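Chains, contacts and geometry: an overview
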Amino acid sequence: MKLSRRTFLMGLSGIGALGAAAGAGFGYMRWGEADWFQSTTTLIRTGRTAEAEPLRILHLSDLHASDVVPLSMISRAVELGLRQHPDLIVITGDFWTDRFNRINDYTAVLKPLSDHAPTFAVAGNHDGGSWAALIRGWSDLDTLQELLTGAGVTFLHNESATLTLDSRRVTLLGVGDWWSGDCRPYRTFATAATREANTLRIVLNHNPDAKTEFADYDWDLMCCGHTHGGQLRMPFTGRTPFAPVSDHDYVAGLNPWRERLIFTTRGVGNLHGLRFNCRPEVSLLLVS
Ligand SMILES: [Fe+2]
């Protein structure tokens, strides 16, 4: 088939336009949205705290320190979160993507959190253990423990902590990561203080799919991450085909589950430096 000069030039310009559109789309995902934080506030009513003022909980997750998520970006998320004046801070895992070595620098970035309010954390699948070892990450949680200890953050690994904040009692139940085979709710709940009617019980766990592991236990709210909100959300439909969970009803936001509530934050960092229609999130929970 003989191609006319005009058809040839039109074809070339079409390919050029497609290439420019693809380039612009990639540029937006990489440099437009990946570090464009959204500060969100979510009202959560549990009926457990009698105080008029709700508890202000800063929930961060999936910081993913790496080549595509610099510490400066995590530091901005920390600053943004502290501007919300939280009473309590929780971090639900994935502090890095693989073997992150700048522990002293990272410690300095996280320290302002515990300087401001009691801060607690659980591990994610990337932080260390059997799953992380498969992707050349740390094979244990020693480095995470070193980071958190240095930053004044209490690491809850299948442990609980009960604290009183202006007469409001809160029990945090920090459960190990499900994908890493470290999820031990029995051990965690066995360490918990006796439940009182006005004590808020919050499960901290990395992965919302692990919720079924906690079905037989007594708690009000679960805070988790892992999904990155889907990271790339389809326009118009909002579908999240890349969210690494089996239950896509809990990819982001506040959702009910068996007379309890689950909050999944979209998280601070990302994998591969990309986000689309799914901005990184610094989440403030107002819990009453
Ligand atoms: Fe993650």
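Refer to the structure above for everything that follows.
Here the residue index of a chain counts from 1 through its sequence in written order. pLDDT decides what is reported in this predicted model: residues at 70 or higher carry local features, side-chain atom pairs at 80 or more are listed and counted, and totals for whole chains, interfaces and linings draw on all residues regardless. Where side-chain values are given, they derive from all heavy atoms of the structure, hydrogens and water being excluded.

Turning our attention to the coordination of the iron ion. Coordination here is defined by N, O and S atoms within 2.8 Å of the metal (3.2 Å for Na, K and Ca), and since water is not considered, a site can look incomplete. Binding of the iron ion to the protein goes through Asp-62 (OD), His-64 (NE2), Asp-94 (OD) and His-228 (NE2), at separations of 2.1 to 2.3 Å. Metal sites are grouped by the angles between bound donors: all angles between 85 and 135 degrees with four donors is tetrahedral, opposite donors over 155 degrees apart with the others between 65 and 115 is square planar for four donors and octahedral for six, and any other pattern is irregular. Each of the four donor atoms around the iron ion contributes to a set of angles spanning 87 to 176°, which defines the coordination as irregular. Look at Asp-62 and you get buried, because its relative accessible area is 0%. For every residue, the accessible area (1.4 Å probe, protein chains only) is compared with the maximum for its type, and the residue is labelled buried under 20%, exposed over 50%, or partly exposed between those bounds.

For the rest of this paragraph, the subject is the side chain of Ser-288. To qualify as a helix, a DSSP run of H or I must reach at least 4 residues; to qualify as a strand, a run of E must reach at least 2; elements of each kind are numbered from the N terminus. Assignment of secondary structure puts Ser-288 in the segment after β12 (281-287). The contact criterion used throughout is that any non-hydrogen atoms of two residues lie within 4.5 Å. Contact partners of Ser-288, with chain neighbours within four places excluded, come to Ile-44, Arg-45, Thr-46, Gly-47, Arg-48, Thr-49 and Pro-54.

Further remarks concern the nonpolar core. The biggest cluster of nonpolar side chains holds 36 residues, and the ones touching the most others in it are Phe-95, Trp-96, Tyr-106, Leu-110, Leu-113 and Leu-144. When contributions to this core are tallied by element, the ones reaching two or more residues are β2 (55-60), α2 (71-82), β3 (88-92), α3 (103-116) and α5 (142-151). If you tally residues by element for this core, the top one is α2, at seven residues. Residues within four places of Leu-144 in sequence aside, it is in contact with Phe-95, Trp-96, Ala-123, Asp-127 and Phe-155. By size, the runner-up hydrophobic cluster in this structure holds 22 residues, among which are Val-122, Ala-161, Val-170 and Phe-263. Definition used in this section: a nonpolar core is a set of buried Ala, Val, Leu, Ile, Met, Phe, Trp, Tyr and Cys residues joined via side-chain atoms within 4.5 Å.

So, about the packing of α2 against α3. To characterise two packed helices, one gives the angle between the axes of the helices and the distance between these axes. Helix axes use the C-alpha atoms of the stretch in contact, all axes being lines fitted to C-alpha atoms, and the angles between their N-to-C directions lie in the range 0 to 180 degrees. Contact geometry of α2 with α3 gives a least axis separation of 10 Å together with a crossing angle of 5°. As summarised for this structure, α2 and α3 are arranged roughly parallel, according to the angle between their axes. Between α2 and α3, the contacting residues are Leu-71, Ile-74, Ser-75, Val-78 and Leu-82 on the first element and Asp-105, Tyr-106, Val-109, Leu-110, Pro-112, Leu-113 and His-116 on the second. Throughout this description, any angle smaller than 35 degrees is read as roughly parallel, any larger than 145 degrees as roughly antiparallel, any in the 65 to 115 degree range as roughly perpendicular, and the remainder as oblique.

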